[in-house]
Amino acid sequence: MKTILVLFLLGCLGFWFFRTKSVEETSFHHINIQDMKLKITFSDTELSATIYDNPTARDFVSLLPLTIELEDYANTEKIFYPERKLTSEGAPNGYQPSKGDITYYAPWGDVAIFYKDFGPASGLISLGTIDGNGIDLLKKVRKEPVTFELIQD
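What you see is a predicted model, and the numbers here were worked out from it, not measured in a lab.

Examining unusual backbone geometry
- Here the amide bond leading from Leu64 into Pro65 is cis, since omega sits at 0°, within 30 degrees of zero.
- Checked against the element boundaries, Pro65 lands in the loop between helix H2 (55-61) and strand S3 (66-69).
- One non-glycine residue with positive phi stands out, namely Ser43, at about 45°.
- Relative to the helices and strands, Ser43 resides in the loop between strand S1 (36-42) and strand S2 (45-51).
- Phi is positive for Ala74, which is not a glycine, with a value near 55°.
- Positionally, Ala74 belongs in the loop between strand S4 (71-73) and strand S5 (77-80).
- We classify Ala74 as exposed; its relative accessible area is 55%.

Parameters at a glance
- Residues numbered from 1 in each chain as written.
- Predicted model: local features only at pLDDT ≥ 70, side-chain atom pairs only at ≥ 80, totals over all residues.
- Heavy atoms only, no water.
- Helix = DSSP H or I, 4+ residues; strand = E, 2+ residues; numbered from the N terminus.
- Buried < 20%, exposed > 50% of the residue type's maximum accessible area, 1.4 Å probe, protein only.

Here it is in structure tokens:
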């Protein structure tokens, strides 16, 4: 009987541990009421994006407004390097991006905007997502200035 009770308690403790960790990891990049809106402008096109409220995204927002040129990387994402590395404080070990996700790749220090789904990547941190079908337009950007700025309410 004691063995069953001990196994039950260990099972409950294990469930609590993994459930707490799962909530903690997903809350890092999920949308909540603190999210910010971003305007992305190039040529005569204006897109919007939702930036999540997490330490890395807040660090990114602190650099705005920002005008850069995007590079195509691996026919999967558009990337650029901010003027400095962003914090990865409290970030999960990795992330699996989907089409439209705005991310930060901590090992290299680049912001990556995925226009194709991609597998899990260690060191990738979710910053936000392009709204609507805007990623289809951003995918076509070549060598031209792209401006990122916070939308003021």
